Amino acid sequence: MTQPATREPDWDDFRDHLSTADQEGRRKWLYPRQPRGPFYRARTWLSWFLLAIMFAGPFIRINGNPLLLLNIVERQFVIFGQVFWPQDMLIFAVALLVFITGILVFTAAYGRLWCGWACPQTVLMEMVFRKIEYFIEGDAHRQRALARAPWNAEKALKKTVKHALFFGLSFIVGNTLLAYLIGTEALFKIITDNPRYHLEGLTFMVLFTLAFYGLFARFREQACTFICPYGRFQSTVLDENSIVVAYDYKRGEQRGHLRRDQPPEQRRAAGQGDCIDCHECVAVCPTGIDIRNGTQMECVHCTACIDACDHVMTRVGRPKGLIRYASLDGIERGEKLRLTPRLVGYSVILLALTGLMAFLLFTRSDVQTTLLRAQGALFQKMPDGHFSNLYTVKVLNKTSREIPIQLKLENIEGDLQVMGKDLVVPPRKLAETSVLIDLSPLVLKGGTTPLVVGVYSNGRRLETVKTAFIGPRDDR
Ligand code: SF4
Ligand code: SF4
């Protein structure tokens with residue numbers, strides 16, 4: 001018999017439906033309880049640090065350049081103070097490949113550590129917006145009661161204050177993103193100039209604010225479940241050796257409520273495990289799932305369920321770690337988390353990739369020089385018997401400071417003269433001038449003599465460029 005193309009979802013099977021949708025497909029609003037415990041405290045401290053970097057980032061300058069600028073419209077990219085130009089596409093592509101490989105290896109080894117601890121969505125949602133909500137509306141049960149309560153002055157006041165704060169914060173977050181895209185100078189211009197001249201910028205300001213307000217006030221965990229590509233692709237990278245937030249089913253099952261008159265030995269003898277089916281782990285989950293069902297796409301590895309369950313285990317006098325960071329293989333074998341050769345190997349690869357990326361970023365020259373023979377010009381014979389070639393030199397300054405340039409012949413005796421004024425390249429600009437190279441016939445190597453020219457600034461060699469000197473074929 002052929003299977004029907006569609007079938008009714010099995011509402012008892014967690015894999016068959018979303019935990020945040022009811023049988024009519026309507027969204028079930030989540031009221032996660034505020035987590036408490038060492039993991040939550042550690043995440044809070046880390047979030048202060050990350051938030052400080054996130055908001056200060058556009059103002060941090062390295063060698064006069066912003067920490068990060070991703071100006072797609074004007075094709076200006078600055079990463080860790082290093083300016084990337086369209087000419088740097090190769091290095092940028094390699095860095096991107098290294099970055100993607102790094103993410104794959106990191107996820108295979110450490111699961112969604114990024115999502116739970118450092119992703120801006122999680123940090124802003126759980127550590128800023130959610131905390132404001134707890135402060136104004138109280139913990140989960142109070143929020144639920146407020147939502148059910150009829151509209152009165154108290155409810156209106158709480159909702160107004162909360163959404164006003166959410167909107168104000170979304171404005172700050174939106175402007176921070178804009179500063180990463182167009183730079184702080186351009187952003188301040190939009191804010192301080194006549195609005196008539198910046199309609200485009202102001203439109204983006206409003207759109208970003210509304211988008212972040214919608215994200216943090218309404219859309220919330222659905223961004224991780226439905227939109228984030230990293231969340232989707234991690235399921236293809238994780239395997240039974242990856243470190244994930246996992247429920248130790250070997251220790252926990254058969255779950256069953258705790259009876260006060262039942263000592264632990266009796267409980268074990270009755271075939272019951274350590275899980276007392278209290279649902280505390282579900283109550284704190286910001287994505288509304290039950291981690292006891294196994295690793296799930298919705299789990300952002302926020303560790304809230306670890307804190308909740310550890311607290312329960314302490315209360316009932318059982319060891320912590322029924323939910324913990326572990327590999328599924330480790331749980332199967334009843335092992336604690338340990339440094340496996342695979343984990344060491346992946347970490348070494350990660351370190352090597354990070355090193356390669358740092359090397360690519362920090363060994364780039366401050367300038368990019370091209371030296372080409374002037375079009376249509378042949379060699380010239382000078383009155384002293386020397387020969388000269390005319391070249392066009394173009395120097396691109398990738399930094400935010402003015403760079404004076406001197407050129408020297410590196411592989412041969414001869415005279416190199418920059419025509420006109422001294423060559424000084426303004427910040428982030430291209431300068432072009434003519435150069436005359438004069439060589440004695442004694443150093444020429446046939447009709448074409450290879451030249452290496454050093455590009456110097458204040459005595460420091462920035463790079464070398466190669467070119468050729470054309471002379472008469474019979475002058476050797
Ligand atoms: S918090 Fe721990 S004991 Fe309670 S239901 Fe979850 S896994 Fe079981
Ligand atoms: S299952 Fe646990 S770690 Fe995963 S999202 Fe829910 S609370 Fe966070």
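Here's what I pulled together on the structure shown here. Note that this is a predicted model, so its numbers are computed, not measured.

### What about the site of ligand 2?
Here is step 1: Around ligand 2, the structure places 13 residues, and the nearest of them are Cys285, Cys299, Val300, Cys302 and Cys305.
Here is step 2: Within the shell around ligand 2, the residues separate by chemical class into ten nonpolar, three polar and no charged.

### Some thoughts on the sheet that holds strand β3 (residues 68–71)
Here is step 1: Taken together, three strands build an open sheet; the order of strands is β3-β4-β5 and the sheet is antiparallel. Both edges of this open sheet fall to β3 and β5 (82–84), since each of them pairs with a single strand only. Each adjacent strand pair in this sheet contributes to an overall mean axis angle of 25°, direction not counted.
Here is step 2: Bridge count between β3 and strand β4 (residues 76–79): four bridges; the pairing is antiparallel. If you follow Leu70 over to β4, its bridge partner there is Phe77.

### Notes on the pattern of salt bridges
Here is step 1: Per the stated rule, a full pass over the model turns up 23 salt bridges.
Here is step 2: Residue Lys250 is joined to Glu332 by a salt bridge in which the shortest nitrogen-to-oxygen separation is 3.6 Å. A residue pair is termed long-range when its members are at least 10 positions apart, and Lys250 in helix α11 (residues 249–252) and Glu332 in helix α15 (residues 328–332) qualify at 82 residues.
Here is step 3: Note on Lys250: relative accessible area 47%, which makes it partly exposed.
Here is step 4: For the salt bridge of Asp366 with Arg460, the shortest nitrogen-to-oxygen distance reads 3.6 Å. On the criterion of sequence distance, the pair formed by Asp366 in the loop between α16 (341–362) and β8 (367–373) and Arg460 in strand β16 (residues 460–470) is long-range, its members being 94 residues apart.

### Observations concerning the pairing of β16
Here is step 1: With ten bridges joining them, strand β15 (residues 448–457) and β16 adopt antiparallel strand pairing. Paired with Val455 across the bridge in β16 is Glu463.
Here is step 2: Two successive antiparallel strands, β15 and β16, enclose a turn made up of two residues, where Asn458 displays a positive phi of approximately 50°.

### Some words on the sheet that holds β15
Here is step 1: The four strands lie next to each other as β13-β11-β15-β16, forming an open sheet whose pairing is antiparallel. The open sheet is flanked by β13 (423–425) and β16, the only strands paired with a single partner. Within the sheet, the average angular offset between the axes of one strand and its neighbour, ignoring direction, is 35°.

### What to know about the nonpolar core
Here is step 1: Core analysis: the largest hydrophobic core is formed by 25 residues, its most contacted members being Ile405, Leu407, Leu409, Ile437, Leu439, Leu451 and Phe469.
Here is step 2: Put simply, the parts of the chain that give this core at least two residues each are β8, β10 (387–397), β11 (403–409), β13, β14 (430–439), β15 and β16.
Here is step 3: Leaving out residues up to four positions away in the same chain, Phe469 has contacts with Phe387, Ser388, Asn389, Tyr391, Ile437, Leu439, Leu444, Gly447, Thr448, Thr449 and Leu451.
Here is step 4: Core analysis: the second largest hydrophobic core is formed by 21 residues, Ile243, Val245, Ile289 and Cys309 among them.

### Thoughts on helix α1 (residues 38–56)
Along an α-helix, residues three or four apart share an orientation, since each turn contains 3.6 residues.
Here is step 1: Helix length check: α1 (19 residues) gives 27 Å between terminal C-alpha atoms against 27 Å at 1.5 Å per residue, within 8%.
Here is step 2: If you check which residues of α1 are buried, you get Tyr40, Arg43, Thr44, Ser47, Leu51 and Met54. The buried side chains of α1 occupy one side of the element, clustering within an arc of 105° when seen end-on. Along α1, exposed side chains directed more than 90 degrees from the buried face belong to Arg41, Trp45 and Phe49.

Rules used in this analysis
- Residues numbered from 1 in each chain as written.
- Chains lettered and ligands numbered in written order.
- Predicted model: local features only at pLDDT ≥ 70, side-chain atom pairs only at ≥ 80, totals over all residues.
- Heavy atoms only, no water.
- Near = heavy atom within 4 Å.
- Nonpolar A, V, L, I, M, F, W, Y, C, P; charged D, E, K, R; others polar.
- Pairing = 2+ DSSP bridges.
- Helix = DSSP H or I, 4+ residues; strand = E, 2+ residues; numbered from the N terminus.
- Axes fitted to C-alpha atoms, helices over the stretch in contact; angles between N-to-C directions.
- Salt bridge = Lys/Arg side-chain N within 4 Å of Asp/Glu carboxyl O.
- Buried < 20%, exposed > 50% of the residue type's maximum accessible area, 1.4 Å probe, protein only.
- Core = buried A, V, L, I, M, F, W, Y, C linked by side-chain atoms within 4.5 Å.
- Contact = heavy atoms within 4.5 Å.
- Expected span 1.5 Å × (residues − 1).
- Arc of directions from axis to C-beta.

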